[in-house]
Amino acid sequence: MEHGDSEISNSASNARKQKKDELQSLDRDFGVKAEVEGLDNDPIVPHRKRVLVLACACILGNELCERLAYYGLQTNMGLYLKKVLGYPADQASQLLQVWKATVYLTPLLGAYLADAVLGRFWVILIFSCIYFIGMLGITLVNVIPAIKPIKGGPPPPAGMDVTKGVFWAFMYFTALGSGGIKPCVSSFGGDQFKENSARERKWRSSFFNWFYFVINIGSLVATTVVVGVQESKGYGIGFGIPTIFFAVAIAAFIIGALFKLYIYIPAEGSPFTRIWRVLQGAFVNRKQPLPHPKEMYEPPAGTHTKVAFQMAHTSRMRALDKAAIKSNKPQPVSRTEVEETKAFLGLMPLFLCICIYQMTYDPIFTL
């Protein structure tokens, strides 16, 4: 009996040791710690959860109002262009599609500025203000008598061409502003949670659930309430509602900074620059034999570049591993940069599928 108990005890001890070794491997390769004896050194900080809740509320409020503003514009814009501004149906559809394409292209600019130049907080704040200027301008176009278009009525005193020009100028302000919000808000929210704390990683998962929830709440309110107000009370009030909410969201976002609620991650440099270096290095070393994973260049996180993380080696796209062959170059390519490139290229098939889906789904809103 004692012998059997001893075997069970040894088995449990070995299993725990194996589990601990696996977690230590995760810690070594990814900088991830687990809430296990000897691995989680993150003490409970008083009021930490309260601070996180307040910070995330400010961030989620910004996303909620951006979605409210976007869908408040997009959902009914086809009818507005045709019935109020007097565009033919085909031209209205083309103009709206070009604007929406701009909305989804400007995040490339916002992401670059956040990653390489300004950091996420400043990009969100600056582009939110640009977005607000656009929303305010669109509202004023439908309020100021000199340029206000009248549905089914005579052109405004300043002329319909002036009204259309001012209107589209502010519409593209919102398109530019959207480019700094879309790629940064979710990432900035994720930055608020400590990566080396299992407790906060669980909270981060909850944050992303709430993030997706507020996106859908914003679109729901816009399509059911704001669009109804536009049709019944006029476009001045209909566009004014999301404008006011957006102003409140910006104010809350700034207050969060004034009360030092946020964690700021400095700009790490553009990932596209790193991807280019990997592709270039793999081409230059294409005739070299494949390196063993342990032979690939991999300095400690944050010492070679501003990238404060490491990624474990994977066996896919092995030809790219040649980029991380150790050399005397001033800026050698690291294993993490190679794995980052692999991850990016691995997403391309999914990205193309989503593009095809959007090409068929999106025109529904311009019918």
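Just so you know, the residues in each chain are numbered from 1, in the order the chain's sequence is written. Residues qualify for local features only when their pLDDT is at least 70, as the model is predicted, and side-chain atom pairs are given and counted only at 80 or more; totals for whole chains, interfaces and linings, by contrast, use all residues. Values shown for side chains rest on all heavy atoms present in the structure; no hydrogens or waters enter the calculation.

(A) Seen up close, the overall build of the chain. When you go through the chain residue by residue, the secondary structure sums to 10 helices and 0 strands. What counts as a helix is a DSSP run of H or I of at least four residues, what counts as a strand is a run of E of at least two, and both are numbered from the N terminus. Listing each helix as α and each strand as β along the chain from the N terminus yields α-α-α-α-α-α-α-α-α-α. The classification of residues rests on relative accessible area computed with a 1.4 Å probe and restricted to protein chains. Under 20% of the type maximum is buried, over 50% is exposed, and intermediate values are partly exposed. The buried share of the chain, taken over its 367 residues, is 41%. Here the analysis covers contacts within the chain between residues at least 6 apart in sequence; of these, 78% occur between residues at least 24 apart. Surface accessibility follows the Shrake-Rupley procedure with a 1.4 Å probe radius. Residue values consider only the protein chains on display as shielding. Of the roughly 19900 Å² of accessible surface on the chain, a fraction of 66% belongs to carbon and sulfur atoms. Throughout, a contact is declared for two residues whenever any of their heavy atoms are within 4.5 Å.

(B) Just the packing of helix α4 (residues 120-141) against helix α5 (residues 160-181), in detail. α5 packs onto α4 with a crossing angle of 155° between their chain directions and a minimal axis gap of 7 Å. Relative to α5, the element α4 is oriented roughly antiparallel. Relative to α5, α4 is oriented so that their crossing is left-handed. Ten residues, namely Ala, Val, Leu, Ile, Met, Phe, Trp, Tyr, Cys and Pro, are considered nonpolar, four, namely Asp, Glu, Lys and Arg, are considered charged, and the remaining ones, Gly among them, are considered polar. Each residue belonging to the contact of α4 with α5 can be placed in one class, and the counts come to 16 nonpolar, 9 polar and no charged. Between N-to-C directions, angles cover 0 to 180 degrees, with each direction set by a line fitted to C-alpha atoms, over the stretch in contact for helices. Roughly parallel covers angles under 35 degrees, roughly antiparallel covers those over 145, roughly perpendicular covers 65 to 115, and oblique covers all other angles. Note on convention: near helix rotated counterclockwise from far helix by under a right angle means a left-handed crossing. Clockwise means right-handed.

(C) The packing of aromatic side chains, seen in detail. In this scheme Phe, Tyr and Trp rings, the latter by its six-membered ring, pair at centre separations within 6.5 Å, and the angle between planes marks the pair as stacked below 30 degrees, edge-to-face above 60, and tilted otherwise. Counted by the stated rule, this structure contains 26 aromatic pairs. Seen in terms of ring centroids, Phe167 and Trp168 are 5.2 Å apart; in terms of plane orientation they differ by 75°. Their pairing is edge-to-face. One exposure class covers both Phe167 and Trp168, and it is buried. An aromatic cluster is built from Tyr80, Phe167, Trp168, Tyr172, Tyr235 and Phe239, whose rings are joined through pairwise contacts. Throughout this description, the term charge over a ring refers to an Arg CZ or Lys NZ atom that lies within 6 Å of the ring centre and within 35 degrees of the ring normal. Of note, Lys182 hangs over the ring of Tyr70, and the distance from its end group to the ring centre comes to 5.0 Å. Stacked on the ring of Phe283, the Lys or Arg Arg286 has its end atom at 4.2 Å from the ring centre.

(D) Geometry of the pattern of salt bridges. The rule for a salt bridge is simple: a side-chain nitrogen of Lys or Arg has to be within 4 Å of a carboxyl oxygen of Asp or Glu. Across all of its chains, the model carries 9 salt bridges by this definition. Taking the shortest distance from any N to any O, the salt bridge between Asp321 and Arg318 comes out at 2.6 Å. Under the relative-accessibility criterion, Arg318 is labelled partly exposed at 27%. For Asp321, the salt bridge identified is with Lys342, shortest N-O distance 2.8 Å. Placement of the pair is Asp321 in the loop between α9 (271-284) and α10 (335-361) and Lys342 in helix α10, with a sequence separation of 21 residues.

(E) Focus on the environment of Ala146. Mapping Ala146 onto the fold places it in the loop between α4 and α5. Given a relative accessible area of 37%, Ala146 falls into the partly exposed group. When the C-alpha positions of Ala146 and Thr163 are compared, they lie 8.8 Å apart, and in sequence the two are 17 residues distant.

(F) The nonpolar core, seen in detail. Here, nonpolar core refers to any group of buried Ala, Val, Leu, Ile, Met, Phe, Trp, Tyr and Cys residues whose side-chain atoms link them within 4.5 Å. Core analysis: the biggest nonpolar cluster contains 54 residues, and Met77, Tyr80, Leu81, Trp99, Phe167 and Tyr262 have the highest contact counts within it. Looking at this core, the elements with two or more residues in it are α2 (48-84), α3 (89-116), α4, α5, α6 (185-191), α7 (198-233) and α8 (235-258). Per-element accounting of this core gives the leading share, 14 residues, to α2. For Trp99, the residues in contact, after removing those within four places along its chain, are Tyr70, Leu73, Gln74, Trp168, Met171, Tyr172, Thr174 and Ala175. Membership of the second largest hydrophobic core comes to 8 residues, among which are Leu320, Ala324, Val333 and Val338.

(G) Main features of the environment of Val117. Among the secondary structure elements, Val117 is positioned in the loop between α3 and α4. Taking the C-alpha atoms as reference, Val117 lies 8.4 Å from Glu268; in sequence the two are 151 residues apart. Once residues within four sequence positions are removed from consideration, Val117 is found in contact with Tyr112 and Ala267.

(H) How the structure looks around the packing of α9 against α10. Across the interface, α9 lies against α10 with an axial gap of 9 Å and an inter-helix angle of 100°. Between α9 and α10, the angle is such that the two are roughly perpendicular. Where α9 approaches α10, its residues Pro271, Phe272, Arg274, Ile275, Arg277, Val278 and Leu279 are matched on the opposing element by Glu337, Val338, Glu340, Thr341 and Phe344. Considering only residue class, the contact of α9 with α10 consists of 7 nonpolar, 1 polar and 4 charged.

(I) Quick look at α10. The terminal C-alpha atoms of α10, which comprises 27 residues, lie 39 Å apart, in line with the 39 Å expected from a rise of 1.5 Å per residue. Residues of α10 that are buried: Arg335, Thr336, Glu337, Val338, Glu339, Glu340, Thr341 and Lys342. What a helix is expected to span follows from its residue count: subtract one and scale by 1.5 Å.

(J) Inspection of α7 at higher detail. With 36 residues, α7 should cover 52 Å at 1.5 Å per step; its first-to-last C-alpha distance of 50 Å lies within 8% of that length. Throughout, the bend at a residue refers to the angle made by two axes, fitted to the seven residues ending there and to the seven starting there. At Ala222, α7 shows its maximal bend, which comes to roughly 35°. Where α7 terminates, the next one or two residues include Gly234, which has phi positive at roughly 110°.

(K) Quick peek at the side chain of Asp191. As for its position among the elements, Asp191 is in helix α6. Judged by relative accessible area, Asp191 falls into the buried class, the value being 16%. Any N or O atom pair separated by 3.5 Å or less is treated as a polar contact, with the protein-specific requirement of one donor-capable and one acceptor-capable atom, and with residues adjacent in sequence counted only for side-chain atom pairs. Side-chain polar atoms of Asp191 contact the side chain of Arg120, separated by 2.6 Å. For Asp191, the residues in contact, after removing those within four places along its chain, are Arg120, Ile263 and Ile265.

(L) A look at the confidence of the model for the chain. Counting all residues, the mean pLDDT for the chain is 84, and 85% of those residues have values of 70 or more. Highest mean pLDDT in the chain belongs to α4 (95); lowest belongs to helix α1 (residues 2-30) (57). pLDDT measures how confident the predictor is about each residue, on a scale from 0 to 100.

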